Amino acid sequence: MIVTIDGPAGAGKSSVAKKLASQLSFFFLDTGAMYRSVALAGLRRDWDFHDQATVGRSTQALKYQYQDAIVLLDGGDVSQEIRDPEVSRNIHHVADNPFVRDILVQWQRQWAVGKDLVTEGRDQGTVVFPNAECKIFLTATDAERARRRWLELKDAGQAFQLEQVLHDQTERDRRDRERKVGALRQASDAVEIISDGMSCEEVVAQLTQMVNAVRQSPAADGSKQRSGFDEQ
Ligand code: DC
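Each value, and the rule that gives it
- Residues numbered from 1 in each chain as written.
- Predicted model: local features only at pLDDT ≥ 70, side-chain atom pairs only at ≥ 80, totals over all residues.
- Heavy atoms only, no water.
- Phe/Tyr/Trp six-rings, centres within 6.5 Å; stacked < 30°, edge-to-face > 60°.
- Helix = DSSP H or I, 4+ residues; strand = E, 2+ residues; numbered from the N terminus.
- Buried < 20%, exposed > 50% of the residue type's maximum accessible area, 1.4 Å probe, protein only.
- Core = buried A, V, L, I, M, F, W, Y, C linked by side-chain atoms within 4.5 Å.
- Contact = heavy atoms within 4.5 Å.
- Near = heavy atom within 4 Å.
- Polar contact = N/O pair within 3.5 Å; in protein donor to acceptor, adjacent residues only side chain to side chain.
- Areas by Shrake-Rupley, 256 points an atom, 1.4 Å probe, with all protein chains shown as cover.
- Nonpolar A, V, L, I, M, F, W, Y, C, P; charged D, E, K, R; others polar.
- Pairing = 2+ DSSP bridges.
- Axes fitted to C-alpha atoms, helices over the stretch in contact; angles between N-to-C directions.

A. Geometry of the packing of aromatic side chains. Enumeration over the complete set of coordinates arrives at 5 aromatic pairs. Measuring from centroid to centroid gives 5.4 Å for Tyr66 and Trp111, while their planes differ by 80°, and the two rings are edge-to-face. Highlighted residues: Tyr66 in strand E3 (residues 64–67) and Trp111 in helix H5 (residues 98–112), separated in sequence by 45 residues. With a relative accessible area of 3%, Tyr66 lands in the buried category.

Written as structure tokens, this is what we have:
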């Protein structure tokens, strides 16, 4: 069974998806980590990000491994480094690149074969797994997402003005929604959850109920997700 969680930055997708996967004893796939790893590889090797076809070929050649939310690039653990602001600033170069997206989408589908999976990103319910049995669009108001991010940064000892965080978030949302391929959008059959005023645990509890209801329904026989990927 595949559960997709899509939504904008700062909606709490990662924490929710990780906890939900653990609660259900499902695998967890953080697709943002993949785009981050490719951006990091490009920065390390000084790729010309404007040459999209060459970046695609270099992406194909990367030695990339993902296991239990640990990301290995060329055999080294880069799980922390991919969160650096420098990587975040450059990520659009790879997330906007259709060659890179094509490679990562194939990789995500292959990784999912034979697994019960909670996967989170921007395009999981629309492009990568259009036939997933359970689709969630997790969001929160702009002000709430910025406030959470601002608190996170503050806790990490990074002092930013809330206005700056909101400004950066608006820019990132715009890029994510206007991307020509794999843009952030809610799948027509996804359930929207607006998490303002809810704790992570409350969201996970609600989603666990939803997933269990789908699992118990007669239609949950696995045929939906395996029947092909035709929306890309
Ligand atoms: O979820 P995140 O913040 O780690 O994602 C990092 C970036 O990667 C984000 O700006 C959008 C992009 N991304 C994407 O284009 N498609 C995905 N499935 C996941 C992330």
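So much for the structure itself; the text now carries on.
B. Just the nonpolar core, in detail. Ranked by internal contacts, the top residues of the largest apolar core, which has 54 residues, are Val3, Ile5, Leu20, Val118, Ile136, Leu138 and Leu207. When residues in this core are grouped by element, the largest group, 7 residues, is from helix H2 (residues 31–45). When sequence neighbours within four positions are dropped, the list of residues in contact with Val3 reads Leu20, Phe26, Leu117, Val118, Thr119, Cys134, Ile136 and Val211.

C. A look at the site of the ligand. The ligand sits among 15 residues. The nearest are Thr31, Arg36, Arg101, Asp123 and Arg172. Contact between the ligand and Arg101: an oxygen atom at 2.9 Å from a side-chain N or O atom of the residue. Contact distances for the ligand include 2.5 Å between an oxygen atom and a side-chain N or O atom of Arg172. Computed on the free molecule, the ligand has an accessible area of 450 Å², of which 95% lies beneath the protein chains in the complex. In terms of residue count, H2 provides more of the shell around the ligand than any other element does, 4 residues in total. Split into classes, the residues belonging to the shell around the ligand amount to 3 nonpolar, 4 polar and 8 charged.

D. Seen up close, the sheet that holds strand E6 (residues 117–121). Pairing is parallel in the open sheet, where 5 strands are placed in the order E2-E6-E1-E7-E8. Two strands bound the open sheet, and with one partner strand each, they are strand E2 (27–30) and strand E8 (191–194). Sheet twist, expressed as the mean angle between neighbouring strand axes with direction ignored, is 20°. Helix-sheet contacts for helix H1 (residues 13–24) involve strand E1 (2–6), E2, E6 and strand E7 (134–139), and the interaxial angle to E6 is about 175°. Against the sheet, H5 contacts E1, E2 and E6, and its axis sits at roughly 175° relative to E2.

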